[in-house]
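Architecture at a glance
One letter stands for each residue in the lines below.
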Amino acid sequence: MTHKLYYEDSYMKSFSAKITKQAQDETGQWFVTLDQTAFYPTGGGQPHDTGTLNDTNVSNVEEIDGEIRHYIDSPFENLDSEIRGVIDWSRRFDHMQQHAGQHILSAAFEELLDFQTISFHLGTEVLTIDLETEQLTEEQARKAEERANEIILENRPIQPTWVSPEEAANYPLRKQLSVTEDIRLVIIPDYDYNGCGGTHPSTTSQVGSLKILDWERQKKKTRVQFVCGNRVLTQLGQKQKVLKALSPLLNAPEGDMVSATQKLLIAAKEKDKALEEAKEALLKYEAMELLQSGTQLNEQTVISNVFQNRTIQELQKLGRIITAEGPNCVAILVSENDDKLQLVCARGGNVSISMKKLIGELLPQINGKGGGNDSFAQGGGEAKILGQELLDRALKLLC
Ligand SMILES: [Zn+2]
């Protein structure tokens, strides 16, 4: 069994130890186990420490089958002499701040609102807790944050204590214990009593501060996103950078940014609408011009044209306007779009030729797909032939 120095002193940054085993895991990764270690292995929602053993990098620490594996980049040659371990203190202290902050916030939600924390995740940028509630209001979140920061400011002690199951039963525990032996309680007197195997600072003030960033409902629970300690400053810095960059773009001070953005969005919407109307008017004009270009074929006037890079929606609109204005017209409209051909066949009210049948004979010639009814049909396929060739074949079918 490895002696767990991080439980004796969570502030231990370096230590000496002897290697008790060196081996490779099933993926070929080298690891060592030590007679004692200050490296915290992944567990209880807290990520593992990183650091060095002599000059060798420790990239991961996991507790597997009762042994604490320190994963190293390359194996040690000399296993007999003492080695020196140094943990990445800024990473560890950050985890201690976040972890203790989570205890404090979870206890605040429980104390004020009776919302139980059902799970906890410590990510690289933010933390989340899942609360057993479907709803969390702005006011409730603000109150819990306020209470948590009050506890932090009061500089209360954070006391880890090993207890027997009988002793544990005497404490007002926030959550049912998940273990029945080696019970470790983390106690913030008169505030929070919780079973936990993680590392924490010795007082609440070292958490610095706590800020709830956001929350969202996830089925029957609410996931709350927050940060503690130095991460509050990191978040403030990132957000300030964004605001500072946005301010000149919106030509508005920070406090007016929301209304300035709303104004911009409304203006953009109005422009989109005006553009849509202008396009519509242009299509009508284009359709009128096409109507003048018709050629007589039996009883029908055939309006045909090959366009470049027009959408099927535009072709459809043109087809509808032409046939509405010209009841004796058949419109065959083709667009060449890169390696594709788009096609619309439409007929006026006095024409009896089936457009569905016509397009049904044309589309297989370009490996195309489409559909419609007897008066209006559309489709598209590969540009195996020129648009004009497709048009000519359509005209032949009309004869
Ligand atoms: Zn904890």
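Our subject in this report is the structure included herewith. (Residues numbered from 1 in each chain as written. Predicted model: local features only at pLDDT ≥ 70, side-chain atom pairs only at ≥ 80, totals over all residues. Heavy atoms only, no water.)

**A word on the overall build of the chain**
Worth spelling out the cut-off: Secondary structure counts use DSSP, requiring at least four H or I residues in a row for a helix and at least two E residues in a row for a strand, with both numbered from the N terminus. For the radius of gyration, the atoms used are the C-alpha atoms, and the globule rule reads 2.2 Å times the number of residues raised to 0.38. Between buried and exposed lies partly exposed: a residue is buried under 20% and exposed over 50% of the maximum accessible area for its type, with that area taken using a 1.4 Å probe on protein chains only. Contacts are assigned to residue pairs with any non-hydrogen atoms lying within 4.5 Å of each other. Working definition of accessibility: Shrake-Rupley area with a 1.4 Å probe, residue cover restricted to the visible protein chains. Working convention for charge: Lys and Arg count positive, Asp and Glu count negative, and His plus the chain ends are omitted. The atom standing in for a charge is NZ when the residue is Lys, CZ when it is Arg, CG when it is Asp and CD when it is Glu.
On a plain count of helices and strands, the chain comes out with nine helices and 22 strands. Taken over the C-alpha trace, the chain has a radius of gyration of 36 Å; the compact-globule value for 399 residues is 21 Å, which it surpasses by more than 25%. Projected onto its principal axes, the C-alpha coordinates of the chain cover approximately 100 × 55 × 45 Å. Per-residue burial for the chain yields a buried fraction of 42% across its 399 residues. A separation threshold of at least 6 residues defines the contact pool for the chain, and within that pool the share at least 24 residues apart is 59%. Summed over all atoms, the accessible surface of the chain reaches about 21700 Å², with 50% contributed by carbon and sulfur. Between the mean site of the 42 positive side-chain charges and the mean site of the 58 negative ones, the chain shows a separation of 7 Å.

**Concerning the packing of aromatic side chains**
For clarity, the threshold we go by: Aromatic rings from Phe, Tyr and Trp, with only the six-membered ring used for Trp, were paired whenever their centres fell within 6.5 Å, and each pair was classed as stacked if the ring planes differed by under 30 degrees, edge-to-face if by over 60, and tilted otherwise. By definition here, charges over rings are those cases where NZ of Lys or CZ of Arg is within 6 Å of the ring centre and within 35 degrees of the ring normal.
By the definition in use, this model includes eight aromatic pairs. Measuring from centroid to centroid gives 5.7 Å for F31 and Y71, while their planes differ by 55 degrees, and the two rings are tilted. Note that F31 is positioned in strand 4 (residues 30-34) and Y71 in strand 8 (residues 67-72), a separation of 40 residues in sequence. This pair shows no difference in class: F31 is buried, exactly as Y71 is. Above the plane of the ring of W89 lies K13, whose end atom (NZ or CZ) is 4.6 Å from the centre. Sitting over the face of the ring of F376, R320 holds its NZ or CZ atom 3.8 Å from the ring centroid.

**Some details on the pairing of strand 3 (residues 19-24)**
Operational definition: Whether two strands pair comes down to DSSP finding at least two bridges between them.
Across five bridges, the pairing between strand 3 and strand 4 is antiparallel. Opposite Q24, over in strand 4, you have W30 as the bridge partner. The antiparallel hairpin formed by strand 3 and strand 4 contains five residues in its connecting segment, where G28 sits at a positive phi of about 90 degrees.

**Looking at helix 2 (residues 89-113)**
As a reminder, the rule being used: Expected span of a helix, by definition, is 1.5 Å for each gap between consecutive residues, and there is one gap fewer than residues.
When the terminal C-alpha atoms of helix 2 are compared, their 35 Å separation across 25 residues agrees well with the 36 Å that a helix rising 1.5 Å per residue should span. The element helix 2 is largely enclosed, with a buried count of 18 among its 25 residues. The positive-phi residue at the C-terminal boundary of helix 2 is D114, with phi of around 60 degrees.

**Structural notes on the coordination of the zinc ion**
We apply this condition: Only nitrogen, oxygen and sulfur atoms qualify as donors, and only when within 2.8 Å of the metal (3.2 Å in the case of Na, K and Ca); with water excluded, sites may look incomplete. Irregular is the default label, applied whenever a site is not tetrahedral (four donors, all angles between 85 and 135 degrees) and neither square planar nor octahedral (four or six donors, opposite donors over 155 degrees apart, all other angles between 65 and 115).
The coordination sphere of the zinc ion contains the protein donors H99 (NE2), H103 (NE2), C196 (SG) and H200 (NE2), at a distance range of 2.0 to 2.3 Å. Around the zinc ion sit four donor atoms, and with donor-metal-donor angles ranging over 94 to 120 degrees the site reads as tetrahedral. Counting the intervening residues between successive donors of the zinc ion yields the motif H-x3-H-x92-C-x3-H. Of this pair, H99 and H103 both sit in helix 2, four residues apart, roughly one helical turn. The burial state of H99 is the same as that of H103; both residues are buried.

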